[in-house]
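# Structural overview
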Amino acid sequence: MNLRHLIPFFDTTAQDWSVEARSLRWLTFVWLFIGLAMVFSAAYAVADAEQGDGLYYFKLQVVWVLIGLVGFNLLVHTPIRFILGVADWGLLIVLGLILVTLIPGVGILVNGSSRWLFIGPFPLQPSELIKPFLVLQSARIFSQWDRLRWSVRITWLGIFLVVVAGVLLQPNLSTAALCGMMLWLIALGAGLPYIQLGGTALAGLLIAALSVSFRSYQLQRILSFLNPWVDPYGNGYQLIQSILAVASGGVWGTGFGLSQQKLFYLPIQYTDFIFAVFAEEFGFLGCVMLLLMLAAYATLALRVALKASSPVHRLVAIGIMVLLIGQSLLNIGVATGVLPTTGLPFPLLSYGGSSMISSLIAAGLLIRVAREGGEAKVVRLDDHRHTHQPVSLKSRFVKRSLRESPRVPKIPRRAT
Amino acid sequence: MTLTQSPFTTVTQAENRTVGQRYRSVFLMAIASLIVLGGLGGRLVYLQLLDGAANRKLAENNRIRLIPKQPERGKVLDRKGRILAGSRLSHSVFLWPLARKKGEWGSTIKRLSQILKIPKDVVQLRLDQAGYNSPFLVRMARGISPAQVTALTEYSAELDGVQVDAEAVRYYPNGDLAAHILGYTGELSDEELKRRKDDGYRLGDVTGQMGIELAYENLLRGEWGGQQVEVDGAGQVVRILGQKSTKTGQDVTLTLDVDLQKAAEQALGDRKGAIVALDPRNGAVLAMVSRPAFDPNLFSTRITDAQWQRLQSADHPFVNRALQAFQPASTFKIVTTAAGLESGKFTPDTVLPTYPSITIGGIEFNDWNRAGFGPLDFPGAIAHSSDTFFYQVGMTIGDQTLIDWTRRFGFGRKTGIELSVEESPGLVPDDAWKRKELKEGWFLGDTVNMSIGQGFLLTSPLQVAVMFAVPANGGFLVKPHLLKDNEESKNWRESLNMLPTTTQKLQKGLREVVTYGTGGGVYDPSLPAIAGKSGTSEDVGGGSDTWFGAYAPSDTPEIVVVSFAEKSGGGGGSVGAPIVRQVLKAYFDLKKKTPSSPKSTASPVP
């Protein structure tokens with residue numbers, strides 16, 4: 001392994017990658033740059049008031065970005081097959097952490113939801129970290145669905161269900177919904193029978209409806225987005241302030257750093273409602289640019305999915321597309337008042353270590369898939385050596401099924 | 001472009017490798033993403049381009065606040081410009097809800113309730129009512145003591161969000177003097193606030209609750225001003241956008257004379273009752289006393305339980321007895337005389353025999369001395385207050401005429417004085433009322449009773465004073481009033497269209513009450529000639545109510561005084577007349593001290 005791979009941004013190998021991989025890499029950096037600029041702007045006043053240092057959140061975010069970029073670069077240089085090999089254990093470990101947050105007194109309650117764990121001084125949000133693992137493992141399972149025995153299918157479906165349920169019980173309805181949707185879309189991409197998919201979707205909706213009806217505060221919150229003015233200082237407050245921020249942007253925006261709504265009117269302006277600050281400062285034009293960037297990212301991700309050399313790669317690409325783009329769109333929908341107000345961060349934009357690391361890992365995976373997606377230069381000798389290292393599959397109950405799966409063809413399709 | 005093109009191009013390429021259906025899902029996802037992106041773009045067009053201006057304005061409102069500034073309440077002055085109700089600066093304690101989060105108030109509330117001696121839940125309730133996001137200050141206490149100010153400063157570290165500010169509180173320099181007329185001020189109650197929110201009142205606003213303070217609230221309250229400021233979300237002022245100066249409330253000058261009011265209060269002493277002094281020429285109220293009284297200053301700050309208990313132990317101290325209805329007794333003979341002479345059934349010189357008693361419908365009606373006075377004319381009957389004389393008058397003219405004239409003298413309805421909220425209209429009974437309330441018809445006995453002011457008839461001391469003003473001013477019904485401002489521009493009286501002889505006979509009779517009749521107690525050699533009439537109600541337990549009404553000087557009357565003592569025992573002549581004499585003496589002594597009235601000095605001397 002090359003030590004340079006640990007250093008974000010400076011990766012000399014990039015020039016040899018496929019167009020998609022390079023474009024995605026640069027788009028990720030652009031996205032990340034916008035994110036850092038927005039955290040600087042949105043969090044400055046709050047950080048100054050609460051922490052006595054305007055750059056408090058910005059500095060922390062930079063630290064998270066650097067940590068995340070190390071993971072990002074490592075993933076970009078690690079074969080997907082190897083990563084897939086550890087996905088199940090990763091999923092189970094993070095799932096364990098999620099279940100730990102449910103133990104009263106261990107999870108840190110924030111806004112009525114125990115989403116946080118403290119590992120030493122570091123706050124950790126397992127429900128964020130589990131997303132890339134969920135993508136990987138579900139892609140792995142669904143890609144070879146036909147070949148798996150029912151016992152294996154049921155076991156993993158059960159584990160996925162526990163993941164979603166665990167997140168739901170924190171309670172973190174929005175992340176649970178996102179995970180559910182992502183799993184479903186990966187299954188759809190895998191070409192599972194429509195009847196099974198339809199049944200699952202129905203069951204999921206039913207569970208969601210039940211979960212909401214048991215917690216009246218969730219129902220009220222969910223319904224308040226339809227007309228936030230009914231309770232302008234209660235349930236509707238966040239949304240009203242967010243809409244006012246977005247609308248105050250107008251065509252050109254107020255200019256970078258000049259949002260007024262971020263000055264304590266708009267709550268959690270540097271995390272879940274960071275898009276509202278962006279919209280106020282950069283206006284309609286800025287928003288259109290951001291949407292275009294997301295569209296470009298989505299296009300590239302789907303191209304990667306289409307070009308992918310194996311079903312599992314395609315499903316990873318689809319899953320990460322849903323994870324990054326889907327979550328971004330959901331977040332924009334919340335901030336503009338077309339979706340119920342939920343606590344979903346904007347990937348790579350919102351402040352938050354777990355979300356940042358999770359998103360960068362996801363982006364790194366997508367780029368790795370893009371690199372393996374059919375360009376001759378992807379398969380370098382050093383990488384090749386890695387793939388030949390024995391992936392320890394012993395003692396894993398998917399062992400047999402994995403062995404049965406066809407080897408990923410390493411023969412470049414368009415090699416000239 | 002690539003988004004829509006790529007699926008097609010690659011699907012054909014890869015068809016032989018994998019099932020086409022799998023690529024369909026990618027295509028579906030691309031379409032779905034496109035739709036969602038388009039939808040969000042449309043939403044942004046709506047919010048930022050179409051609806052932008054309106055929402056921008058709302059966001060603007062978010063930042064612009066009016067920091068309200070309380071206007072100084074108008075003063076209440078007596079007729080010579082002396083202050084009856086003013087303001088003094090005192091310290092008030094406010095909470096600023098926005099300063100802290102909802103859960104953080106606990107220790108502050110505890111400390112605050114300890115220093116201010118207000119129960120914790122009262123503070124909590126106030127805060128709940130105002131709302132935890134309210135940018136407006138919530139008043140917790142007014143007129144706190146210097147010691148409390150010191151304590152609050154001392155603990156200021158624990159009292160985040162608490163502000164101590166100088167604020168004007170209502171001040172009545174004369175204590176309980178004229179308390180019932182002035183009334184008092186207090187903070188709006190919740191129900192009142194709901195009712196009057198449209199008039200621009202806010203939680204914690206101080207308004208008039210009784211008397212003149214209530215009646216002239218509109219003039220006295222003034223207009224709130226303030227600074228228009230731009231604030232950030234924490235409520236910190238970013239810059240000042242504009243100023244709106246407060247408008248001090250209008251001063252109100254009353255017809256009362258503080259000196260006469262003091263004398264009247266002294267004359268009534270600790271008796272339960274009322275005194276009304278008014279100018280018979282225009283109905284201007286010169287003094288109005290009601291006992292027991294209260295100190296309106298108590299309400300300017302937060303009233304303590306002990307103070308409240310002490311107030312409640314007195315017999316209805318807040319009731320203005322000058323405006324409550326009682327039996328008028330013999331003072332009412334003025335109305336019976338007027339009705340008799342105006343009915344045409346008697347001439348001004350009619351003489352009737354009087355008896356120890358008269359039996360009507362099997363019931364014996366006594367004269368008050370149970371002996372009779374021999375034959376009397378109208379003035380003589382008034383002078384002796386002969387009951388049997390007026391029984392005969394009442395029976396002759398009949399109930400309709402008597403009731404009609406009672407109403408024409410202003411009984412049975414509010415006089416029109418500004419204190420109408422506290423005023424009772426009294427009661428003039430008639431056949432319809434009796435049938436409705438007592439399920440029986442009008443008997444001759446009712447007419448007989450009414451002719452001497454007994455029975456169901458109820459009149460307020462103020463109404464009785466208005467009645468005395470009729471003979472005093474030559475036959476006019478005046479509208480009593482307390483506001484001196486613009487007094488000259490209005491017409492305060494209305495002729496009753498009585499014959500001149502009727503007025504003359506009344507005047508003669510009332511004068512003779514003092515010279516040789518029942519009202520000798522009012523006589524004072526140092527005073528101008530006085531005319532008056534006593535009244536003593538039936539004793540229904542607890543002692544009789546006693547009345548005395550008088551005016552002076554009897555030839556050119558300028559003051560009417562009516563005293564009423566509730567359950568005092570004794571007679572109007574013995575209890576009431578000396579009270580009236582004291583008031584009249586004070587009036588004429590004061591007049592001597594200031595010989596030239598403001599009007600005469602105003603006329604230019606050539």
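Residues numbered from 1 in each chain as written. Chains lettered and ligands numbered in written order. Predicted model: local features only at pLDDT ≥ 70, side-chain atom pairs only at ≥ 80, totals over all residues. Heavy atoms only, no water.

What follows is about the overall build of chain A. When you go through chain A residue by residue, the secondary structure sums to 14 helices and 3 strands. Restricting to contacts in chain A with at least 6 residues of sequence separation, those with at least 24 account for 73%. As presented, chain A carries roughly 17,200 Å² of accessible surface, and 70% of it is formed by carbon and sulfur atoms. (Helix = DSSP H or I, 4+ residues; strand = E, 2+ residues; numbered from the N terminus. Contact = heavy atoms within 4.5 Å. Areas by Shrake-Rupley, 256 points an atom, 1.4 Å probe, with all protein chains shown as cover.)

Another point: the nonpolar core. Soluble globular proteins: nonpolar side chains tend toward being buried together. Of all hydrophobic cores here, the largest spans 129 residues; its most connected members are W31, F142, F275, L294, Y297 and F346 of chain A. Top contributing element to this core by residue count: helix α10 (residues 274–307) of chain A, with 21 residues. Apart from residues lying up to four places away in sequence, F275 of chain A is in contact with C287, L290, N331, I332, A335, T336 and F346 of chain A together with L44 of chain B. Judged by nonpolar contacts, the second largest core, of 88 residues, contains I334, W405, V470 and A531 of chain B. (Core = buried A, V, L, I, M, F, W, Y, C linked by side-chain atoms within 4.5 Å. Buried < 20%, exposed > 50% of the residue type's maximum accessible area, 1.4 Å probe, protein only.)

Here we take up the packing of α10 of chain A against helix α11 (residues 311–335) of chain A. If you want to describe how two helices pack, look at the angle between their axes and the distance between the axes. Residue and element names in this part refer to chain A. Relative to each other, α10 and α11 sit at 165 degrees, their axes nearing to 10 Å. Considering the angle they form, α10 stands roughly antiparallel to α11. Considering the relative orientation of α10 and α11, their crossing is left-handed. For the pair α10 and α11, contact is made by F275, A276, L291, L294, Y297, A298, A301, L302, V304 and A305 and by R314, A317, I318, M321, L324, I325, S328, L329, N331, I332 and A335, respectively. Residue composition of the contact of α10 with α11, grouped by class: 18 nonpolar, 2 polar and 1 charged. (Axes fitted to C-alpha atoms, helices over the stretch in contact; angles between N-to-C directions. Parallel < 35°, antiparallel > 145°, perpendicular 65-115°, else oblique. Left-handed = near helix turned anticlockwise from the far one by under 90°. Nonpolar A, V, L, I, M, F, W, Y, C, P; charged D, E, K, R; others polar.)

This part takes up the packing of helix α4 (residues 106–116) of chain B against helix α6 (residues 146–154) of chain B. Residues and elements named next belong to chain B. Two numbers describe how α4 lies on α6: the axes approach to 10 Å, and their chain directions differ by 160 degrees. Classified by the interaxial angle, the pair formed by α4 and α6 is roughly antiparallel. Remark: the crossing between α4 and α6 carries right-handed chirality. Judged by residue contacts, L112, I115 and L116 of α4 engage Q148, A151 and L152 from α6. Considering only residue class, the contact of α4 with α6 consists of 5 nonpolar, 1 polar and no charged.

With that settled, the discussion passes to the environment of Q61 of chain A. All names here are of chain A. Relative to the elements of secondary structure, Q61 occurs in helix α2 (residues 56–76). Here Q61 falls in the buried class, since its relative accessible area comes to 0%. Separated by 290 residues in the primary sequence, Q61 and Y351 have C-alpha atoms spaced 6.3 Å apart. Setting aside residues no more than four positions away along its own chain, Q61 makes contact with L36, V39, L349, S350, Y351, G352 and M356. A distance of 3.1 Å separates the side chain of Q61 from the backbone oxygen of S350, its partner in a polar contact. (Polar contact = N/O pair within 3.5 Å; in protein donor to acceptor, adjacent residues only side chain to side chain.)

Attention shifts here to the side chain of T185 of chain B. Residue and element names in this part refer to chain B. Positionally, T185 belongs in strand β6 (residues 185–187). What makes T185 buried here is its relative accessible area of 0%. The residues touching T185, leaving out its near neighbours within four places in the chain, are R73, R170, Y172, V206, T207, G208, Q209, E213, F299 and S300.

Residues and elements named next belong to chain A. Between its first and last C-alpha atoms α2 spans 30 Å; for 21 residues at 1.5 Å apiece the expected length is 30 Å, and the two agree. Buried within α2 are the following residues: Y57, Q61, W64, V65, G68, L69, F72, N73, L75 and V76. For α2, the elements touching its buried residues are α1 (19–51), α3 (80–101), β3 (122–124) and α12 (353–371). (Expected span 1.5 Å × (residues − 1).)

Once that is clear, we can look at the confidence of the model for chain B. Residues and elements named next belong to chain B. Per-chain confidence: chain B averages 85 in pLDDT, with 89% of residues scoring 70 or above. Segment residues 1–20 is flagged for pLDDT under 50; beyond a separation of four residues in sequence, or across chains, it makes 21 contacts in the model. Throughout residues 597–606 the model reports pLDDT below 50, and contacts reaching past four residues in sequence, or to other chains, amount to 1 contact. For this predicted complex, the interface confidence reaches an ipTM of 0.79, while the overall pTM sits at 0.57. (pLDDT = per-residue confidence, 0-100.)

To continue, consider empty space enclosed by the protein. Residues and elements named next belong to chain B. Counted under the stated rule, the structure contains 5 cavities of 30 Å³ or more. What the largest cavity holds in volume is close to 210 Å³. Surrounding the largest cavity, 15 residues form its lining, Q70, P71, R73, V206 and R221 being those nearest its centre. Element by element, the count of residues in the lining of the largest cavity is highest for strand β5 (residues 162–171), at 3 residues. The class makeup of the residues in the lining of the largest cavity is 6 nonpolar, 3 polar and 6 charged. (1 Å grid on protein atoms, 1.4 Å probe; cavity = no way out; pocket = protein on both sides within 12 Å on 5 of 7 lines; lining within 4 Å. Points joined across faces, edges and corners; volume = space filled by probe spheres on them.)

Another aspect to go through is the sheet that holds strand β21 (residues 559–565) of chain B. Residue and element names in this part refer to chain B. Spatial ordering of the open sheet is given by β12-β11-β21-β20-β19, a layout of 5 strands whose pairing is antiparallel. Taken across any chain shown, the strands that pair with only one partner, and hence form the sheet edges, are β12 (285–291) and β19 (531–536). Neighbour-to-neighbour, the strand axes of the sheet open up by a mean angle of 5 degrees, direction not taken into account. Sheet strands touched by helix α11 (residues 258–268): β11 (273–278), β12 and β21. Its angle to β12, the strand with the most contacts, is close to 35 degrees. (Pairing = 2+ DSSP bridges.)

Residues and elements named next belong to chain B. Locating Q327 in the fold gives a position in the loop between α12 (305–313) and α13 (333–342). Classification of Q327 as buried rests on a relative accessible area of 15%. Separated by 2.9 Å, the side chain of Q327 and the backbone oxygen of G455 make a polar contact. Separated by 3.4 Å, the side chains of Q327 and E538 make a polar contact. Apart from the residues within four sequence positions on either side, Q327 is in contact with G453, Q454, G455, L457, L458, S537, E538 and W547.

With that settled, consider unusual backbone geometry. A cis amide bond links R291 of chain B with the next residue in sequence, P292 of chain B, at an omega value of 0 degrees. Summarising the element assignment, P292 of chain B is placed in the loop between β12 and α12. Along the chain, A552 of chain B connects to P553 of chain B via a cis peptide bond; the corresponding omega equals -15 degrees. Along the chain, P553 of chain B falls in the loop between β20 (546–552) and β21. Non-glycine residue L348 of chain A carries a positive phi angle of around 65 degrees. Among the secondary structure elements, L348 of chain A is positioned in the loop between α11 and α12. For L348 of chain A, a relative accessible area of 1% gives the class buried.

This paragraph deals with the packing of aromatic side chains. Per the counting criterion, the structure on display carries 36 aromatic pairs over all chains. Centre to centre, the rings of F29 of chain A and F72 of chain A are 5.8 Å apart; their planes meet at 55 degrees, and the pair counts as tilted. On the criterion of sequence distance, the pair formed by F29 of chain A in helix α1 and F72 of chain A in helix α2 is long-range, its members being 43 residues apart. Across the pair, exposure class does not vary: F29 of chain A and F72 of chain A are buried alike. Pairing F294 of chain B with F299 of chain B gives two aromatic rings, centres 6.1 Å apart and planes at 85 degrees, and the pair type is edge-to-face. Summarising the burial analysis for this pair, F294 of chain B and F299 of chain B share the class buried. Grouping aromatic residues by their ring pairs yields a cluster made of W31, F40, Y44, F58, F256, F275, F278, F282, Y297 and F346 of chain A. Directly above the aromatic system of W26 of chain A lies the positively charged group of R25 of chain A, at a separation of 5.5 Å from the ring centroid. (Phe/Tyr/Trp six-rings, centres within 6.5 Å; stacked < 30°, edge-to-face > 60°. Lys NZ or Arg CZ within 6 Å of the ring centre and 35° of its normal.)

This next bit is on the pattern of salt bridges. Residue and element names in this part refer to chain B. This structure, assessed with the given rule, holds 32 salt bridges over all chains. Here D430 makes a salt bridge to R407, at a shortest N to O gap of 3.1 Å. Of this pair, D430 sits in the loop between α15 (387–408) and α16 (431–438) while R407 sits in helix α15, and the two are 23 residues apart along the sequence. A salt bridge links R435 to D431; the nearest nitrogen and oxygen atoms lie 3.1 Å apart. In this pair, R435 and D431 are both assigned in helix α16, 4 residues apart and thus about one turn of the helix distant. Here R435 falls in the partly exposed class, since its relative accessible area comes to 49%. (Salt bridge = Lys/Arg side-chain N within 4 Å of Asp/Glu carboxyl O.)

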